[in-house]
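Residues per chain are reported as follows:
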Amino acid sequence: MFDAWAAYDAKAVGTRLGGSLRRPAAERTDAYKSQAVSYAAYRALRNLFPARAADFRALMTGMGYDPNDASTDPASPTGVGNQAAAAVLAFRANDGSNQAGGYADTTGYQPVNTPDQVNDPFRWQPLRHPDANGNPVVQKFLTPQWQHVTPFALSGPDQFAPRGPTKTTLLLLDQEVTDTLLFSATLTDLTKVRAEYWADGPSSETPPGHWLLFGGAAARARGYNLDQSVKLTFALANAELDASIAAWNAKLRWDYVRPITAVRTRMKGKLVLAWAGPYKGTRLIRGETWHPYQAATFPTPPFAEYVSGHSTFSGAGARVLQRFTGSDLFGARVTVRPGSSFVEPGATPLLPAILIWPTFSAARDEAGNSRRIGGIHFPDADLHGRTLGASVGQRAWEKAQTYFNGTAGG
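Presented here is an overview of the structure given in this document. (Residues numbered from 1 in each chain as written. Predicted model: local features only at pLDDT ≥ 70, side-chain atom pairs only at ≥ 80, totals over all residues. Heavy atoms only, no water.)

### Focus on a nonpolar patch on the surface
Then step 1. A cluster of nonpolar residues, Leu45, Leu48, Phe49 and Tyr103, forms a patch on the protein surface that exposes about 330 Å² of accessible area.
Then step 2. Along the chain, Phe49 turns up in the loop between helix H2 (30-48) and helix H3 (53-62).
Then step 3. A residue is classified by how much of its surface remains accessible, and Phe49, at 45% relative accessible area, is partly exposed. (Patch = residues over 30% accessible without salt bridge, like charges linked within 9 Å, V, L, I, M, F, W, Y side chains within 5 Å. Areas by Shrake-Rupley, 256 points an atom, 1.4 Å probe, with all protein chains shown as cover. Salt bridge = Lys/Arg side-chain N within 4 Å of Asp/Glu carboxyl O. Helix = DSSP H or I, 4+ residues; strand = E, 2+ residues; numbered from the N terminus. Buried < 20%, exposed > 50% of the residue type's maximum accessible area, 1.4 Å probe, protein only.)

### Some words on helix H8 (residues 226-254)
Three- or four-residue spacings in an α-helix give side chains the same orientation, since the helix completes a turn every 3.6 residues.
Then step 1. Given a rise of 1.5 Å per residue, 29 residues ought to cover 42 Å, and the 42 Å separating the end C-alpha atoms of H8 matches this to within 8%.
Then step 2. The element H8 is largely enclosed, with a buried count of 21 among its 29 residues.
Then step 3. The N-cap of H8, judged by a side-chain oxygen 3.2 Å from the amide nitrogen of Asp227 a few residues on, is Asn225.
Then step 4. The positive-phi residue at the C-terminal boundary of H8 is Asp255, with phi of around 50°. (Expected span 1.5 Å × (residues − 1). Polar contact = N/O pair within 3.5 Å; in protein donor to acceptor, adjacent residues only side chain to side chain.)

### Concerning the pattern of salt bridges
Then step 1. If you walk through the whole model with that rule in mind, you get 15 salt bridges.
Then step 2. With its nearest N and O atoms 2.9 Å apart, the salt bridge here joins Arg23 to Glu27. As far as burial versus exposure is concerned, Arg23 and Glu27 are alike and both buried.
Then step 3. Between Arg123 and Asp255 there is a salt bridge; the shortest N-O distance is 2.8 Å. Of this pair, Arg123 sits in the loop between helix H4 (77-92) and strand S1 (128-130) while Asp255 sits in the loop between H8 and helix H9 (259-266); the two residues are 132 residues apart in sequence, bridging distant segments of the chain.

### What about the side chain of Arg23?
Then step 1. Residue position: Arg23 is located in the loop between helix H1 (2-6) and H2.
Then step 2. A polar side-chain atom of Arg23 sits 2.9 Å from a polar atom in the side chain of Glu27.
Then step 3. For Arg23, the residues in contact, after removing those within four places along its chain, are Ala7, Tyr8, Arg28, Pro74, Ala75 and Val80. (Contact = heavy atoms within 4.5 Å.)

### Describing the packing of helix H10 (residues 309-325) against helix H11 (residues 360-373)
Then step 1. In the contact formed by H10 and H11, the axes pass within 9 Å of each other and the chain directions differ by 175°. Here H11 runs roughly antiparallel to H10, going by the angle between their axes. Judged by residue contacts, His310, Ser311, Ser314, Gly315, Ala318, Leu321, Gln322 and Thr325 of H10 engage Phe360, Ser361, Arg364, Ala367, Gly368 and Arg371 from H11.
Then step 2. Within the contact of H10 with H11, the residues separate by chemical class into four nonpolar, eight polar and two charged. (Axes fitted to C-alpha atoms, helices over the stretch in contact; angles between N-to-C directions. Parallel < 35°, antiparallel > 145°, perpendicular 65-115°, else oblique. Nonpolar A, V, L, I, M, F, W, Y, C, P; charged D, E, K, R; others polar.)

### So, the packing of helix H7 (residues 206-221) against H11
Then step 1. Close contact between H7 and H11 brings their axes to 13 Å; oriented N to C, the two are set at 160°. Regarding the angle of H7 to H11, the classification is roughly antiparallel. Crossing geometry of H7 relative to H11 is assigned as right-handed. Touching Trp211, Phe214 and Ala218 of H7 are Phe360, Ala363 and Arg364, all from H11. (Left-handed = near helix turned anticlockwise from the far one by under 90°.)

### Here we look at the pairing of strand S3 (residues 271-275)
Then step 1. By the bridge criterion, five bridges tie S3 to strand S4 (residues 282-286) in an arrangement that is antiparallel. Counted as the bridge partner of Trp275 is Thr282 from S4. (Pairing = 2+ DSSP bridges.)

### Section: the nonpolar core
Then step 1. In terms of nonpolar packing, the biggest core is built from 80 residues, with Phe2, Phe141, Leu181, Phe214, Tyr256, Leu321 and Trp357 touching the most fellow members.
Then step 2. Looking at this core, the element that brings in the most residues is H8, giving 15 residues.
Then step 3. Each residue touching Phe214, except ones within four places of it in the same chain, is listed here: Tyr197, Trp198, Leu321, Phe330, Trp357 and Ala363.
Then step 4. The next biggest cluster of nonpolar side chains, apart from the first, holds nine residues, and it includes Ala4, Ala7, Leu21 and Val80. (Core = buried A, V, L, I, M, F, W, Y, C linked by side-chain atoms within 4.5 Å.)

Below, the structure written as structure tokens:
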């Protein structure tokens, strides 16, 4: 979208074709920009989500554009959009993500632990759990190759590498387990709502997409025009891409244990006070049966714990939004309907629950903390992830400026 828009700006250059698509000043109208950006977005969406092609075609038709128009004539906005998208998609086709292979692992990663045996208490364990139809499935580490994806602004996946969990003794796990069980035992309707609101699991917009939604909300609230909105989306989306690379680099570097494994192994044979399951509240339960405040079909994400992806994405998103808007002020809120929980449907929350974020920092912190509330992450993964994300976001913001002012590659 940005590369198509850049053709109608006096200074900006695209990431792939530079200033080669630049159009004369007379064509730099919102109508031309909108058309070019729409075709670029349409081509990218068709490429990334082919199963949704009919939806995207309908959207284009509803906007008055012909989705069948494959022109690459740079004298037309359609041609500019199609050319810009084709160049970016060609570049990203070989960026290390393995899109053509369904994003399947290309590294040969093998977990140290099995679903039935913990060989190393500090390492990630794939879990066996029921799917939506009640059939047992075993987790596979999701996209371990992601640390090798070509970044936007990072010099490498470990440019801002965090220091890792603070200790390497079982004492650390005892402290982390205590933190996890305290959150579990003290769950309230409000903390449950926070855990679920930010979960962003499968079939959702996911954590980076969540911050793009926030970017759109901030743009509308501030009355941004098309130019400003495209620039914001460009900087924010690329920061989220680099955040994913940096976070997955850390996840593979430490391959760290998830709370569900740590609690069950450290508290086996003991009684613990914790959330006992849907509609059961807090009770004394056997440690080896403990379950995070998550749906049974998705007890914990299928990849290592450290660092928190949510915290890294949120740190990056908050930093870009702060820099772009020139302020930390956000002023957003959401009301969660009674009984809308996916963990305890019909019962949680009992009354409407309101989440309010006066600042981008407040949203970032709540997102990170929500994963500790939900039993998904430990403190180090959250706090170090926020810091990592802020560094990544700052770097992406600085790189974006070079495309805005036309100095990229110079």
